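Observations on chain architecture
If you want the building blocks of each chain, they are given just below.
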Amino acid sequence: MHSNQYSIAEVKQIINADGNIVKESTISTLLTDSRRISGAAEGLFFALSARRNGHEFIAEAYAAGVRNFVVKQGPEFNLPEANFLLVDDPLAALQALAAYHRSQFKLQVIGITGSNGKTIVKEWLYQLLAADKNIVRNPKSYNSQIGVPLSVWQINGKNDLAIFEAGISTINEMGKLQAIIKPQIGILTHIGTAHDEGFTDRRQKIQEKLELFKDSKQLIYNYDQLIDYKKDIKGKETFTWSRKFKQADLYVFSETVISKKYYLRAYFQKKEIECLIPFSDLASVENAITCWATMLALGYSAAEADKRIERLSPVSMRLELKNGINNCSVIDDSYNSDLQSLEIALNFLGQQNQHQKRTLILSDILQSGLSQDVLYCQVATLIGNKSIDKFVGVGDALINNQACFNIPEQYFFKDTPALLQQIKMLNFKEETILIKGSRSFEFERISGALTQKAHETILEINLNTLLSNLNFYRSKLKPGVKVMAMVKAFSYGSGTFEVANMLQYNKVDYLAVAYIDEGVSLRQAGITLPIMVLNPEASAFDKLTENKLEPVIYSFGLLDDFVSYTQDRGIVNYPVHLKIDTGMHRLGFENFEVETLCDMLEQNRYIRVQSVFSHLVASEAAQHDEFTKKQIKRFEKASKEIEKTLGYKVIKHICNTSGIIRFPTAHYDMVRLGIGLYGVDSSVPASENALKPIASLKTSVAQVKKVAAGDTISYGRSGSLLKDGKIATVRIGYADGYLRAFGNGVGKMLVKGTLVPTVGNITMDMCMLDVSGLDVSEGDEVVIFGEHQRIEELAKQIGTIPYEILTNVSQRVKRVYFYE
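Residues numbered from 1 in each chain as written. Predicted model: local features only at pLDDT ≥ 70, side-chain atom pairs only at ≥ 80, totals over all residues. Heavy atoms only, no water.

Some thoughts on the overall build of the protein chain
Along the protein chain, the regular secondary structure elements total 26 helices and 36 strands. The C-alpha atoms of the protein chain give 31 Å as radius of gyration, which agrees with the globular expectation for 820 residues (28 Å, within 12%). Overall size of the protein chain, expressed as C-alpha extent along the three principal axes, is 85 × 75 × 65 Å. Each of the 820 residues in the protein chain was classed as buried or not, and the buried ones make up 54%. Counting only contacts in the protein chain whose residues sit at least 6 apart along the sequence, the fraction spanning at least 24 positions is 64%. Per element, the accessible surface of the protein chain, about 36,600 Å² overall, is 47% carbon and sulfur. Here the protein chain contributes 93 positive and 92 negative side-chain charges, whose respective centroids are spaced 3 Å apart. (Helix = DSSP H or I, 4+ residues; strand = E, 2+ residues; numbered from the N terminus. Rg over C-alpha atoms; globule rule 2.2 N^0.38 Å. Buried < 20%, exposed > 50% of the residue type's maximum accessible area, 1.4 Å probe, protein only. Contact = heavy atoms within 4.5 Å. Areas by Shrake-Rupley, 256 points an atom, 1.4 Å probe, with all protein chains shown as cover. Lys, Arg positive; Asp, Glu negative; His and termini not counted. Charge placed at Lys NZ, Arg CZ, Asp CG, Glu CD.)

This is the structure we're talking about:
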């Protein structure tokens, strides 16, 4: 990361280091990761000891061109050209160097901390103030003991405002960051439960955070949050906002949602003012009010603050990796562009190995504080170190400085429309593309063009049939037996919230997903039903609890992890589901473990067992009925022991789709309805017409060809016709989920009401059909499966199960939903 320059001798003095300087060097770049080396010639590598010992990577950094190192001890091997500065603590040395650098500038500095909202507030303030100020800020969420000094190092002489966020997780951390940032203006965002485990109580946590502002002249905060901690705020000017107390500087007294925007009315300086926030979720509203208060505190008029806040854009907190056209991968970072975030994005691009070719689409970088020639030389150097194969520059500044760049394949365009006009010429194919642009360039249009799903293969889903199938199974249940609908794996390939909304509207009792992210997506889509997560991951417990998802506990390790998690956060009676392994031998507590499980559950106040369940191995197969009955007996025994220990009744369930039909005495309190919802159940004879498939996979004919007998067709010359005939190339291949196993006549599709076989190997995007004797034209409809060729038939063709056929339909296949 580039900034002002210091000699290595100056650095040695600043950080009070020992060691000999064998070669004079200029330092402009601070490095902490040997995998991400840029500007090596002027780089200073700090051998930090975090998860891994940085001293172990000195040789790697040296091989990348670094010649200056801050270390606790020198290497055991000889690096003759290297300068080694010896210190007691390399991290403290990094912080001392950044603090010294900060002291060389007399710019205004805003410091931000809190539990939540720090990065959003920082980025929104950048949007709001960039028209008037030359701003330096943390890249992304670089707010740690390492991230803050790297951020502060970016200050240069042209900056007149710095906005730095600081994050902590325990006591005695903020003082170190305060010494580096030294803000004159402080902002305290939302105080929540994050990192509560690092503090004895809420007061200690707030006091530690307030350390950032100990020398600040002004503090901006939510009066409602700190009303009980006012004595901890001493000796400084404050600007407060509140939704409850009129004595606040900004008293918000009216809040109204208007067309997905949030309209606020407030009193400020005894006058009524207003603000329209272009978001309606509660977190965004709170963050926007903080920004509103900050602008007023800085002296902006109420009218100007309102005008700018109304134009706020969403902040992309993460890089988005998407599937693109022509088998590309697209990394979308199309909302901001500066040197720091460009380097972060390029590092992420470098981690992608799915394509050999790497491409960067970059806009002009605005408001960098550097002259154009210096800026774009730095950009070119950075890109040159990152193995970019193709470069597309957009904007007048990049055109004017294109001589700086020397990429094997490079193109320059005046603006985004000019690029879009020529996008086909760039022939994006089999490459990973990073889209990195300043917001004003509207690079989201480029992202849309490169990720659009212009595909004539569609999966039609009939929601009326879904409801009919649900009601069929409900008719098999006794009154009071609940229904849990399985919507894992994209609802068996049929969609997420579209299917869940229908199930919620028709009052199923529970939903079940495989992973936490699936449940989060449903919550974001407005699903309020209880959701059970079959395979919860300890790393995502925060997301699980934030979204009120209910984990399945299937092992002692997972039980320990979740109880510890809830205990650390003061959560009690959190709903969980216990899985018993009665014979599947996949996940679950085995019968001999139930006694120990009961001991752990006894008087455990942190969790509350909602249900106990197990999974039938072969409920659809009559030849395994005796084993199924043994499973049911084992489950009854285990569930009774658990209920006795708990002292309260729990929901018991073991029947899956086939079990509902074949084992009615085992319905217990709830049944789990899976693929039967989607019209597939081998225990229900098709002749009864009780179930109907909800999905039809359709495509179209791309081209029709006459082929002579013996001419080979497709890759590997694998197919041919026995006599002169005609083939149709259709728009579906293995990338769409039509597996290669269907090739060479194994698979069949419906064309003009006739089943016709495949010819040759299935290719990625296309396959060929023998349509000899049929009147077929380009654009004709082709049905892969549906009402007249059921999924079960396709499964038989390649020796698999219907689940695999349905869930293999790829996400590039457009879903279309019907409801009559």
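Regarding empty space enclosed by the protein
A full pass over the atoms with the stated rule returns one cavity of 30 Å³ or more. Estimated volume of the largest cavity: approximately 40 Å³. Lining the largest cavity, in full, are Leu697, Gly737, Tyr738, Phe742, Ile784, Phe785, Leu794, Ile805 and Val809. Of the residues that constitute the lining of the largest cavity, the class distribution is eight nonpolar, one polar and no charged. (1 Å grid on protein atoms, 1.4 Å probe; cavity = no way out; pocket = protein on both sides within 12 Å on 5 of 7 lines; lining within 4 Å. Points joined across faces, edges and corners; volume = space filled by probe spheres on them. Nonpolar A, V, L, I, M, F, W, Y, C, P; charged D, E, K, R; others polar.)

So, the sheet that holds strand β11 (residues 237–242)
A sheet is described by the order of its strands in space; here nine strands give the open sequence β7-β8-β6-β9-β10-β11-β12-β13-β14, paired in mixed fashion. Edge positions in the open sheet fall to β7 (135–137) and β14 (271–277), since each of these has one partner strand only. Averaged over all pairs of adjacent strands, the angle between strand axes in this sheet comes to 20°, irrespective of strand direction. Of the strand pairs in this sheet, strand β12 (residues 250–258) and strand β13 (residues 261–268) are connected by eight bridges, and their pairing is antiparallel. Counted as the bridge partner of Thr256 is Tyr263 from β13. (Pairing = 2+ DSSP bridges. Axes fitted to C-alpha atoms, helices over the stretch in contact; angles between N-to-C directions.)

Considering unusual backbone geometry
Its identity is not glycine, yet His585 carries a phi of approximately 55°, on the positive side. Considering the arrangement of structural elements, one finds His585 in the loop between β26 (574–580) and α22 (594–601). Its relative accessible area of 58% is what places His585 among the exposed residues. One non-glycine residue with positive phi stands out, namely Lys752, at about 55°. Relative to the assigned elements, Lys752 resides in the loop between β32 (748–751) and β33 (754–759).

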